[in-house]
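Residues per chain, in single letters:
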Amino acid sequence: GDGLAGEFMGAAARYAADLRREIAAQSPPLQGDALANFRADAAERPGWGKDYLGIKSGDAMDWSFHAYATTCGITFCETGLSGPELCEGGSNRYVEASNLEEFVESA
């Protein structure tokens, strides 16, 4: 696929699950700012497009989650790009590392 619409939802859910596993493996357990910083750093890792969307060529293959979400304008809508809002004002609320779990749970 092109990595858009419904494909993003599945990729985001897999990514969120992988992050939960990484976070759970940290010792001591991450909390507060350390947890927020871990998520933000993870969102900047290159290769999200290749690893989670299966993009095999082009710039998007090497994009981080953060680069993908901001470049594509992923919001709290059904597919991340369009569809019904998942919360009030969802089409104006951008998905980022700090609210990824909420986005995945809402969808």
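Check the entry above for the structure.
Reading the values: the criteria
Counting starts from 1 at the beginning of each chain's written sequence and moves along it residue by residue. Thresholds applied to this predicted model are a pLDDT of at least 70 for local features of residues and 80 or more for the giving and counting of side-chain atom pairs; totals over whole chains, interfaces and linings are not thresholded and use all residues. Excluded from the side-chain calculation are hydrogens and water; included are all heavy atoms of the structure. For salt bridges, the criterion is a side-chain nitrogen of Lys or Arg within 4 Å of an Asp or Glu carboxyl oxygen. Numbering goes from the N terminus for both helices and strands, where a helix is a DSSP run of H or I of at least four residues and a strand is a run of E of at least two. For each residue, the accessible area found with a 1.4 Å probe, counting protein chains only, is set against the maximum for its type, and the residue is called buried under 20%, exposed over 50%, and partly exposed in between. In these notes, a set of buried Ala, Val, Leu, Ile, Met, Phe, Trp, Tyr and Cys residues joined through side-chain atoms within 4.5 Å is what counts as a nonpolar core. Directions pointing from the helix axis toward each C-beta atom define the arc.

A.B. asks: Explain the pattern of salt bridges residue by residue, including any values.
C.D. replies: Under the definition given, this model contains five salt bridges. Measuring nitrogen to oxygen at the nearest pair gives 2.3 Å for the salt bridge that ties R21 to D18. Of this pair, R21 and D18 both sit in helix α1 (residues 6-24), three residues apart, roughly one helical turn. Since its relative accessible area comes to 52%, R21 is described here as exposed.

A.B. asks: Go over the nonpolar core with me, naming the residues and quoting the values.
C.D. replies: One broad trend across soluble globular proteins is that nonpolar side chains are buried collectively. The biggest cluster of nonpolar side chains holds 28 residues, and the ones touching the most others in it are F8, Y15, W48, F65, V95, L100 and F103. Of all elements in the fold, only α1, α2 (32-43), α3 (48-53), α4 (65-72) and α5 (100-106) reach the threshold of two or more residues within this core. Element by element, the count of residues in this core is highest for α1, at eight residues.

A.B. asks: Just give me the short version of α4, but keep the residues and values in it.
C.D. replies: Turning to α4, its buried residues number three or more, namely F65, Y68 and A69. Take α4 and look down its axis: the buried residues cluster within an arc of 95°, on one side only. The positive-phi residue at the C-terminal boundary of α4 is G73, with phi of around 70°.

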